[in-house]
Amino acid sequence: MSPKNSAGIERIGVVGAGAMGHGIAQVGAMAGYEVVLYDVDDTALEKAVARIRANLDKGVKLGKVETSVRERALAGLTTTTDLETAAAGSGLIIEAAPEKLDLKQEIFAELDRLAPGDAVLATNTSSLSVTRLAAATERPTQVLGMHFFNPVHIMKLLEIVRTGYTSKSAIASARTVGEAMGKTCIVVKDAPGFASSRLGLILGMEAIRMLEEGVASVEDIDTAMELGYGHPMGPFRLADLIGLDVRLHIAEYMYNETGEERWRPSDLLKRMVADGKLGKKTGEGFYRWDND
Ligand SMILES: NC(=O)c1ccc[n+]([C@@H]2O[C@H](COP(=O)([O-])OP(=O)(O)OC[C@H]3O[C@@H](n4cnc5c(N)ncnc54)[C@H](O)[C@@H]3O)[C@@H](O)[C@H]2O)c1
């Protein structure tokens, strides 16, 4: 039996099967929703399913996931490279494509055309204007942000982002689904960087500036925040997990949006992204990662 909320959501479409999309699909399927995961890239879908299977297997092994939940999740999950298959029949569609405004606007316009009229369209953007995505549709009251955190199956927070148009019922639907996924939801206004990215980014940017100035090493700056402030991980380790390309996009967006110097991306960050040192996903960022 799929869980139903007030809007009767039983099926969720997830757009983009990368670091975030595969995790969102996993927690959705674990919550008992039928999940259709879409990507433009077949290989990304194969990798996503393999990662979900590995996460579930590990969960069962550690006694954190019941075997029945694993089976239900795998049975409820399908993949597609056809956007219409993901959108049609879904009561909620969560977009987790790359952090580029024009790309997401195109996707939202398409989803608006393909999804049922009463479906809620959500974006997992870390910082982009949800209002501008809503404006790409003819259903702005049903558009909001559902900002999950990486890794999605572990991190408890869900930041629900409301624009000036978002209806109370759309927020209630997102909250119901989020809670069924085991998340604690907060609701924030659509403002550059929301609550979490704005604070997380300023810390990460300052850490990079400190590294450039030779104030301390990567390890020592991370240790300062871990032991001095009780952060579960320091800003560099976190940046490696998020992806330095994702970080750079957000910083560039914040800088262009606000014109404030504090958001200007540093040369070091730009150089690392240009060199393909994107963090854990490429095996090297501020740290080296053994992805095996
Ligand atoms: N990585 C994080 O820690 C994190 C945290 C919170 C939010 N986000 C946000 O989530 C979104 C996705 O980030 P990610 O880290 O998963 O990126 P990613 O690069 O790991 O995955 C993006 C996926 O989107 C696919 N894609 C490319 N073009 C597409 C299209 N037109 N339609 C559908 N899919 C397409 C790619 O093939 C890839 O599989 C971004 O908006 C990002 O800001 C990321």
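Criteria and thresholds
Residues numbered from 1 in each chain as written. Predicted model: local features only at pLDDT ≥ 70, side-chain atom pairs only at ≥ 80, totals over all residues. Heavy atoms only, no water. Domains from an automatic or database assignment. Contact = heavy atoms within 4.5 Å. Buried area = accessible area lost by both parts, 1.4 Å probe. Salt bridge = Lys/Arg side-chain N within 4 Å of Asp/Glu carboxyl O. Pairing = 2+ DSSP bridges. Helix = DSSP H or I, 4+ residues; strand = E, 2+ residues; numbered from the N terminus. Right-handed = clockwise from strand over helix to strand, strands pointing away. Axes fitted to C-alpha atoms, helices over the stretch in contact; angles between N-to-C directions. Expected span 1.5 Å × (residues − 1). Near = heavy atom within 4 Å. Polar contact = N/O pair within 3.5 Å; in protein donor to acceptor, adjacent residues only side chain to side chain. Areas by Shrake-Rupley, 256 points an atom, 1.4 Å probe, with all protein chains shown as cover. Nonpolar A, V, L, I, M, F, W, Y, C, P; charged D, E, K, R; others polar.

Engineer: Even after reading the chapter, I still don't get the domain arrangement of the protein, so can you show me in this structure?
Structural biologist: Size of an interface: often given as the accessible area lost when the parts come together. In terms of domains, the protein is made up of domain 1 (11–189) and domain 2 (196–280). At the junction of the two partners, domain 1 supplies eleven residues and domain 2 supplies nine residues. Buried area between domain 1 and domain 2, both sides added, is near 840 Å², and the carbon and sulfur share of it is 54%. Linking domain 1 to domain 2 there are one salt bridge.

Engineer: Looking at this structure, I do not really get the pairing of strand S7 (residues 157–162). What am I missing?
Structural biologist: Of the strand pairs in this sheet, strand S6 (residues 143–147) and S7 are connected by three bridges, and their pairing is antiparallel. Residue pairing across strands places Met146 opposite Ile160, the latter belonging to S7. With six bridges joining them, S7 and strand S8 (residues 184–189) adopt parallel strand pairing. Paired with Ile160 across the bridge in S8 is Val187. Considered for its hand, the β-α-β crossover made up of S7, helix H7 (residues 168–180) and S8 is right-handed.

Engineer: Help me understand the pattern of salt bridges, please; the structure alone is not making it clear to me.
Structural biologist: Between side chains of opposite charge, a pair can form when the charged atoms approach closely. One pass over the full model with this rule turns up 16 salt bridges. Linking Lys281 and Asp245 is a salt bridge whose minimum nitrogen-to-oxygen distance equals 3.1 Å. With Lys281 in the segment after helix H12 (267–274) and Asp245 in helix H11 (residues 244–258), this residue pair connects regions lying 36 residues apart in the sequence. Bridged by salt links that share partners, the residues Asp57, Arg70 and Glu71 form one connected network.

Engineer: Can you walk me through the sheet that holds strand S5 (residues 120–123) in this structure?
Structural biologist: Note on sheets: strands pair through backbone hydrogen bonds, and any given pair is parallel or antiparallel. If you walk across this open sheet you meet the eight strands as S3-S2-S1-S4-S5-S6-S7-S8, and the pairing is mixed. The open sheet has two free edges, formed respectively by strand S3 (77–80) and S8, since each of these has just one partner strand. Shown here is a sheet whose adjacent strand axes are inclined to one another by a mean of 25 degrees, direction ignored. Relative to S3, helix H2 (residues 42–61) is tilted by about 165 degrees, and along the sheet it contacts strand S2 (34–38) and S3. Where helix H5 (residues 101–114) meets the sheet, it contacts strand S1 (11–15), strand S4 (92–95), S5 and S6, and its direction lies at approximately 165 degrees from that of S5.

Engineer: Mind showing me how you'd approach the environment of Val218 here?
Structural biologist: Tracing the backbone shows Val218 in helix H9 (residues 218–229). Remark: the alpha-carbon pair of Val218 and Gly234, spanning 16 residues in sequence, is separated by 9.0 Å.

Engineer: Quick question: what am I supposed to make of H5 here?
Structural biologist: Residues spaced three or four apart along an α-helix point in a common direction, a consequence of the helix completing one turn every 3.6 residues. Between the first and last C-alpha of H5 there are 20 Å, a value that for 14 residues agrees with the 20 Å anticipated at 1.5 Å per step. Those residues of H5 hidden inside the fold are in contact with S1, helix H4 (83–87), S4, S5, helix H6 (130–134) and S6.

Engineer: Got a minute to help me understand the site of the ligand in this structure?
Structural biologist: Taken together, 26 residues are adjacent to the ligand, and Met20, Asp39, Glu99, Lys104 and Ser126 come closest. In this structure, an oxygen atom belonging to the ligand sits 2.7 Å away from a side-chain N or O atom of Ser126. Between Ile242 and the ligand, the recorded distance is 3.1 Å, taken from a backbone N or O atom to a nitrogen atom. Taking 830 Å² as the accessible area of the ligand by itself, protein coverage stands at 85%. Within the residue set of the shell around the ligand, elements represented by two or more residues are helix H1 (19–30) and H5. The element best represented in the shell around the ligand is H5, accounting for three residues. Classifying every residue of the shell around the ligand gives 15 nonpolar, seven polar and four charged.

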